[in-house]
Structure formats: structure tokens, C-alpha cells
Amino acid sequence: MASQLTTIFGPNPNISFFPERRVRAINEIRAVSYIQRHLGTGKIQVPSRDIIDGHISGTCALTDLFYSLAGNNNPLAAYFDSIHPIYPFLCPDTFRARVASQDLVQSLGTDKVWAALFYAIVAIGCQNNEGGSFDTGVGEAWSYFERSLSCFQDLLFGRGSLTAVQAIFSSTVSAFNFEPLMLTEAAVMAQGLGYHRSNSAQEGPCRRTFWVLYYMEKTSCFATGKTSVLDDANISCAIPDMMESTFHDYDWFFNFVKYARLVSKIHQSLFTISSVSQPLSNYNSVVESLRIELEAWRATIPTRFRPGEKFKTRSLHEPLAVQIALITHFLYLNALLTLSWTVLHYGAVHLGSTQQEIMKRDLMRTARSVLELTVHIEVAPSTPVWILAVLPLSSLMILFDLVVHNANHPETGLSLALLDIAGGHFSRLEYASNGALPGSLIAVCPSCSDSNESSISFQAQDRVGTSPSAPEPTTSVAPADPTGLVAPAVLPQGPEPVASEAPGVMQPWSPASLDRSEALFLPYIDDPTYYFGDLQLLGIDLKDLFDHSYSYQE
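Residues numbered from 1 in each chain as written. Predicted model: local features only at pLDDT ≥ 70, side-chain atom pairs only at ≥ 80, totals over all residues. Heavy atoms only, no water.

Q: Is there a simple way to think about the overall build of the chain in this case?
A: A tally of helices and strands in the chain yields 21 helices and 2 strands. Split into buried and exposed, the 554 residues of the chain put 60% on the buried side. In the chain, the share of contacts with a sequence separation of at least 24, taken over all contacts with a separation of at least 6, comes to 78%. For the chain, the accessible area works out to roughly 21500 Å², and carbon and sulfur atoms hold 52% of it. (Helix = DSSP H or I, 4+ residues; strand = E, 2+ residues; numbered from the N terminus. Buried < 20%, exposed > 50% of the residue type's maximum accessible area, 1.4 Å probe, protein only. Contact = heavy atoms within 4.5 Å. Areas by Shrake-Rupley, 256 points an atom, 1.4 Å probe, with all protein chains shown as cover.)

Q: I'm lost on helix H16 (residues 353-372) in this one. Help?
A: Every α-helix carries 3.6 residues per turn, so stepping three or four residues along brings you back to the same face. Taking 1.5 Å of rise per residue, the 20 residues of H16 would be expected to cover 28 Å, and the 29 Å separating its terminal C-alpha atoms lies within 8% of that figure. The buried count for H16 comes to 18 of 20 residues, which makes it a mostly enclosed element. (Expected span 1.5 Å × (residues − 1).)

Q: How do you make sense of the confidence of the model for the chain when you look at a structure like this?
A: Any residue range with low pLDDT should be treated as having predicted coordinates unsuitable for detailed reading. For the chain, per-residue confidence averages 74 on the pLDDT scale, and residues scoring 70 or more make up 66% of the total. For the chain, the element scoring lowest by mean pLDDT is helix H1 (residues 2-9), at 42; helix H13 (residues 252-270) scores highest, at 94. Every residue in residues 40-67 is under pLDDT 50, and counting partners more than four places away or in other chains gives 76 contacts. Residue range residues 533-539 is modelled with pLDDT below 50. Its contacts to residues more than four positions away, or to other chains, number 18 contacts. (pLDDT = per-residue confidence, 0-100.)

Q: How should the packing of aromatic side chains be read in this particular structure?
A: Here the distance between the centres and the angle between the planes together describe a pair of aromatic rings. If you walk through the whole model with that rule in mind, you get 17 aromatic pairs. Between Tyr259 and Trp297, the ring centres sit 5.2 Å apart and the planes meet at 50 degrees, which makes this aromatic pair tilted. Of this pair, Tyr259 sits in helix H13 while Trp297 sits in helix H14 (residues 280-299), placing them 38 residues apart in sequence. Each member of the pair Tyr259 and Trp297 is classed as buried. What links up through ring pairs into an aromatic cluster is the set Tyr79, Phe80, Phe95, Trp114, Phe118, Tyr119 and Tyr144. A cation over a ring is seen here: Arg96 above Phe80, with NZ or CZ 4.3 Å from the ring centre. (Phe/Tyr/Trp six-rings, centres within 6.5 Å; stacked < 30°, edge-to-face > 60°. Lys NZ or Arg CZ within 6 Å of the ring centre and 35° of its normal.)

The following block contains the structure:
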């Protein structure tokens, strides 16, 4: 079963994994060999440096750092204004009171757990106050983060405490890329301390910390394909009210926790060894049930924040409203892409040709929706990497794959326009990072597909014409939606989604609207010579292109 799971999903079941065979297949399309030349090995050398030499061994003094907590550039003020409402695990009054105490310098030197938390919070505040840098180890924020990291051994091997849990995972709320390690260690410690069963009035800070950690750990595991260490069946603590994490019409923190529970269920139901052993008919039914649950979650979100609706910044006037709306959209689209990708890779052979076509269109339109939203992403070191690069790049590769094999499709022009938008986003990313992040390597993809459209077109037309999944022609053709935002189609064997009649939501493609000229060709479905077993455990995990390697030296 383990080999079956790897064959279907790759080493990690996440949409950022792009199998090497797909890279080779795209490379066969003339004039796009650039992709294999630069991405085919799955390795791009990103400049990195040994940033923490001597820090893990604890040899760095913690009290020799000059810091200023006064004035307009106060990093703590930036943290509590910009970050705390999204990740409200701290009690602001308690934290500020300890910072304002007369013995702050002494406490930082004697209490390494407190020092680790303090320096991590200051680092995040600096990062959101023009003190961050895309280049690893460079900048004011990194200097504070290094001092927090120097206490890591003391956190892991000391007595567990609430402050220790907060200190371990606090750095992951920024774009510092130690996320999997930190979240796992924090989750293990939190469970060991019994925070997942904290319900007394005195345990409010523990519950607050646990549920922020729960949301972060579950969504991180879903994005990376890793297994969560938090057992949903053993959680009994109540979700606290987070007044700082609500608008008048949207309790986003509670909504994010509900999403975390849903993606945990998706991972457990679809991406485990036991789940792939069930009959394909059952597996597809589970997928459809989860899609309906995802739509039910989407329907609970106010219209101005709701994924699938037009993203209107003019209606998002509160502080952080645009950022919250963007996170909400990306959470939904990430889950939807994963479910569509799963069905097409694993269960498509048991779907009819019309249902296959609906799923392929869902995949294409969801990927386009992600790329359309890139214009709203703030290209800054403080933006989480999964929003800044990973999900946009995964969507770009999915759409690029569709374009190069379907150059004559009626919607290819719209897809090419969105690929150009994505190329602009990654060019901005390389420019803003001064070359630290390899945006230009990705930005060339749209130009490859655009400049060589005529040469690709002939091959794509031949493939579409012989596609075994192409449905019979009809007389009705659905117009292309200019926004690219669409609620996912539901396969006929399941009930209708809860949100299918929500006002303003575009209806899924009708089977009667499909004709042969609009059939999409996907090699792993329509090419009988494509064999999943040839993945050979190889491929590109696109998130690694925007991560750095770190050297831990004693």
C-alpha cells in the first residue's frame, strides 16, 4: 500500500509536487525545454549562508543586543497591530507588562525560554516594520531571530511550559522557514502538557495558544503532505472567543479553525495508507462528500470575504481586511485544487468521460483563480511563503501544463493572459528580493507558451482529437467566465453542494454544454501510454524552490 500511495501522489501528497514524468512530457512539446533544463532535476541552487554558527550550542550572549522599544518604529507595536489579530496566541497585556518591567535585560539573560519568545516576537515585529529581508540571515529581523533560535536546545530539552510552546512555534507566523520542525515540536509539547484538554477558567491562555497552534499545524501539514501529530479524537478543550480576531460580520479565527479541522479530515480520509486500500467507488464518494463539506464551509463566510465571489478591495475597508480575505481565498482554493487533483490522478478511470471533463475544467479554473489573485499579494518578506510563492507556482505549473497540451482550446487565450499575470508576479518577487528568490526562472514559462503557441497548437490539436475522454459534440457551449472564479462542480453520484444556490456564485459546467472543441487533454488521463508507476519517486517539490538550506553547527 505504501508504494501505491507514493505512485499516486508522489513522495508527499500535496499539489506542490510535480512529477518528473510530467516535466519530461512538457519538455517533449517543442521549444519549452527550458523547463526541464532548469527544473527537471528538482534542484535550484538558491543562495544561502550559515546563519546560526555557534548559536545552537548556546554560546551567543543574549544581552549584548541593542534594542529600542520606544518611538514610532516600535517592533512590538507592529507585531500587535499586524500579526497578533491573525495569530492571537499571546495575552497582550501580560506580554507588554513583562516587557515594561525594570529587570527586562536581566530576565533575558537568565530565562532563556522567555528570551526565545521575546526575541521571536521582536523579530516578527521588525519584519513587518520594514526590517525584514528575503536574503537569509540578512537584516534586523534576522538578527533578532538568530538570538531566539540560539535558545532552541533549551526549549526542547527543558521543562515544558506555556512560554516554551509559544516560543517554539512563534517564529512560524512569519516567513521564517523553520515551520515544519517548529510546529511539530510545539504540538508535541502542547499535547504532553495537556493543553488539548484545557477547559478551566484559569487555562484561558493555554486554550488560546493551543487553538492557534492547531490551526497552524493542521494547515501546514495539509500543504506539505506531512502527518499531523495532533490527534483530533483526543481534543476536548473549547475554542475561546478571540475578540481581536473578528470583524463585525466575520469571525475569521473560528472559521480558520473549522477549516483546519476539515483539511485534517481530508488528509486522514484520502492521503493515508489505509485510505487508498478502499474500493475506488468508495474513495470517490469520500472525495465528493469532502467537496460538499468544503462548499458548506465556504457558504458560512460573508460575501465580501467569500471565495468564489469577486475579490473587491473597496469593500474591505477595515485594517487587515484585505489580508484576511486573501488568506481565506487561498485556503479554499488550496483545498479545492487538492481534491480535484486527487480525483483526476486516482479516480478518473472510474468516471465517465463527461465527469472527467468537468473535473478537468474545475482544475483549470481553480488554478486560474489563484493566479488572478496574485495581483493582491504583497511582495514582502513578511508574507507567508505559501501565499507568496508556493500556491501561485503550483497553479502556474498546472495551468502551463494544460496550455501546452491544449493550445487550440477556446479558453487558452484567457489562460495565457493569466500566465502573463503570474509571470509578472514572480518577476516582482525576484526584483523585490534582489535575486534571492528565483522568480525569473518561473516568469519565463508564460513567454515560452505564448511565443511558441503556434508550434504547440498542432500537437495539442492532434492529441485532443484522439482523446478517449472527449465527449460527444452538442450544440450548446457555455461562455467562459471572465473572472475565472467558480464553485466546483459536483459529480453526479453525490448530492448537490450546500452552496450551489448561493446568490452570486457561478454555476458549474453543465454536461450539456461540453463539445469536442472544448475537451481538455491531460496526459495522465487521456494518454494510454502514461503509466503512474514510472514516477520512480522522482519529481519537483515546488515549495523547495523558495526555501533555503540551513547549516547547524555545534
